[in-house]
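Spelled out from the first residue to the last, the chains are:
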Amino acid sequence: MPFNISIDNVLSILKYNPNDPLIFSTSLFLILFTLFLLVYNLMGKNRSAKIFLLIFFSLYFYYKAAGFYFIILVVSAIANFLFGKWIAITENFTKKRLVLILALFVNLGLLGYFKYTNFIIQIINGIGTAQLDPLTIFLPIGISFYTFKSLNYVFDVYFDTLKPTRSLRDFCLFVFFFPNILAGPIDRASEFLPQIDQEPFLSKEDLGKALFLIIAGLLKKVVIADYISINFVDRIFDYPLRYTGVENLLAIYGYALQIYCDFSGYSDMAIGIALLLGFRLMDNFNSPFKATSIADFWRRWHISLSSWLRDYLFKPIQLSLRNLRLFANIIAVVVTFFICGLWHGAGWNFILWGAIHGFMMGFALLIAKPKTKLYNMLGISNTKFLKFFQVIITFHLVAVSFLVFRAPNLQTVSEIFSQIFGFFHKEVFIQFVERLPIIFVLIVLGYIFHFLPVKIEHRVQKMLSDMPLVGKAVLLALAIWLAVQFKSADIQPFIYFQF
Amino acid sequence: MISVELKKVILKELNLDDFDMTDETIAPQVPGWDSLNHVNIILAVEHHFKVKFKSYEVLRLKNVGDLQKLVDSKLGK
């Protein structure tokens, strides 16, 4: 972590720079956040001042990453605040629905314009003879996250399960809140808004949990994800044909761990930082590779997005088609995951990735009954034996699907498989371990930690909670020191930032 | 209060012998009542009570008590 900040260039460092967002693992964030936290706590019981400071800091945080596109964020927040009000005061149900449609049109229109216009132009150029020039469109960072965050508020007000907030200030804090604005968790308004007026109370356990999440998140992101990405996974995936099947296979395992550590590490830090400010955000990951099926995986992976899609997309489709019974579920799941893929980015790889997950879950639904019968017949239902194989199979399906997500094209995917199945060379494994011991140890340790029972995590959290303040500070300093050792000169952006 | 009749329909659909349900019980607390099975339970309730719900009415249900209220309102209770 270079601390080469001199008085002269402080201003230029603090200015908007699209290549240098204020991500949590940078030294600049550490400095600014420490100062912010100090002032925030100095304000004591003056709740209103604290909220305004938080809004101001959040807007700055966003400006640093998106420049003057932060105006879109502000406009989007004000518009959704007004849509909420409008829906709530509209008595007539048909009119209420029209306002919802208008809100969806505005939100998805903005998201669509910034994110998908050039992709659509590319498709049109591919189909017809006319050649349209791509437009110069800047993608405001985090727009997919904050659009979905605002929309859950609009939906809940529409369903009348949430009373609209009267305070524009509170709603802005919900939308702008810096810990989760760039990459989630896509928190629920119904959970966040009531916390604003509560007196924040940070218990000993909360502090221990926050510290645990920040340390774990930092190590996951910097020590595991960044390190194995730069030094191993990227090299293999750039030129799979230069490496043997052993290396390609290890790269698949490495990438699954990398994307998990990158994204969940960011979420952990976001949740931990929010907790330090007195806000509880929703959980986003629950040991996803322990899943026993693809459906189970989605209950554990990016939970804030998958539960959003379940509540506001899957369920409406499923219920409106309910007379088709099983096929209502199958159609709803396939459509939902097609959209899920598209949400991740304007590219065929993301759409294909979503479609693969939709197809796998649709197929699982179709064979669910005969499968249960077969398991019962074999007497293996609910056994550890079955669970073991379910976890292994689910993990490999997920890891291969991530390959589609990551690879620039299907050619690369096929090259990776041709190396694994036609040029394996198992003897290279020993050389790999000898030459890249750190990479190998990180991958193995990463998976071991992932598969440890949750109660161990709770025990560590409790230990941290019971530690004196000095001990906590030393541990945090140690984690930062370790991160610095592993950090390469250039900071790798989080995989999920482009969404 | 959730009626014995509604409880019976739900338990039958989920193949459960018994499960203690109150107005505040939410779907994930009941074994087997996941987002996929939800559609079967709603259909079973509609079928049993010979009522028809709008999707909107079902989507806004928060707990079993809400479902009971919805059934009652359809039956004119």
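Residues numbered from 1 in each chain as written. Chains lettered and ligands numbered in written order. Predicted model: local features only at pLDDT ≥ 70, side-chain atom pairs only at ≥ 80, totals over all residues. Heavy atoms only, no water.

With that settled, consider the environment of Leu59 of chain A. Tracing the sequence through the fold places Leu59 of chain A in helix H3 (residues 47-66). Considered as a pair, Leu59 of chain A and Leu173 of chain A are 114 residues apart in the sequence and their alpha carbons are 9.5 Å apart. (Helix = DSSP H or I, 4+ residues; strand = E, 2+ residues; numbered from the N terminus.)

Turning our attention to the side chain of Glu57 of chain B. Residues and elements named next belong to chain B. Checked against the element boundaries, Glu57 lands in helix H3 (residues 55-59). Here Glu57 falls in the buried class, since its relative accessible area comes to 19%. Of note is the side chain of Glu57, whose polar atom sits 3.1 Å from the side chain of Lys74. (Buried < 20%, exposed > 50% of the residue type's maximum accessible area, 1.4 Å probe, protein only. Polar contact = N/O pair within 3.5 Å; in protein donor to acceptor, adjacent residues only side chain to side chain.)

Attention now goes to the packing of helix H10 (residues 245-276) of chain A against helix H19 (residues 437-451) of chain A. All names here are of chain A. Their axes nearest at 10 Å, the elements H10 and H19 cross at an angle of 55°. With respect to each other, H10 and H19 are oriented oblique. Where H10 crosses over H19, the handedness of that crossing is left-handed. Only Leu442, Ile443, Gly446, Tyr447 and His450 of H19 make contact with H10, whose side of the interface consists of Leu250, Tyr253, Gly254, Ala256, Leu257 and Tyr260. Here the residues of the contact of H10 with H19 are counted per class, giving eight nonpolar, three polar and no charged. (Axes fitted to C-alpha atoms, helices over the stretch in contact; angles between N-to-C directions. Parallel < 35°, antiparallel > 145°, perpendicular 65-115°, else oblique. Left-handed = near helix turned anticlockwise from the far one by under 90°. Contact = heavy atoms within 4.5 Å. Nonpolar A, V, L, I, M, F, W, Y, C, P; charged D, E, K, R; others polar.)

Looking now at the packing of helix H2 (residues 27-42) of chain A against H3 of chain A. Residue and element names in this part refer to chain A. Interaxial distance between H2 and H3 falls to 10 Å at its minimum, and their mutual angle equals 165°. Between H2 and H3, the interaxial angle falls into the category roughly antiparallel. Here H2 runs over H3; the crossing is right-handed. For the pair H2 and H3, the contacting residues are Leu28, Phe29, Leu32, Phe33, Phe36, Val39 and Tyr40 in the first and Arg47, Lys50, Leu53, Leu54, Phe57, Tyr60, Phe61 and Lys64 in the second. In terms of residue class, the contact of H2 with H3 is built from twelve nonpolar, no polar and three charged.

All names here are of chain A. Each assigned domain of chain A is listed with its residue range as follows: domain 1 (54-196) and domain 2 (202-285 + 367-499). Here the C-alpha centroids of domain 1 and domain 2 sit 30 Å apart. At the interface, 22 residues of domain 1 touch 18 residues of domain 2. Buried surface at the junction of domain 1 and domain 2, summed over both partners, amounts to about 1,600 Å²; 69% is from carbon and sulfur atoms. The tally of links from domain 1 across to domain 2 stands at zero salt bridges. For the interface between domain 1 and domain 2, the tally reads two residue pairs in polar contact (both at pLDDT 80 or more). Of all the elements in the fold, those that place two or more residues in the side of domain 1 that touches domain 2 are helix H6 (143-158) and helix H8 (189-196). For the side of domain 1 that touches domain 2, the element with the highest residue contribution is H8, accounting for three residues. Taken together, the residues of the side of domain 1 that touches domain 2 break down into 14 nonpolar, five polar and three charged. (Domains from an automatic or database assignment. Buried area = accessible area lost by both parts, 1.4 Å probe. Salt bridge = Lys/Arg side-chain N within 4 Å of Asp/Glu carboxyl O.)

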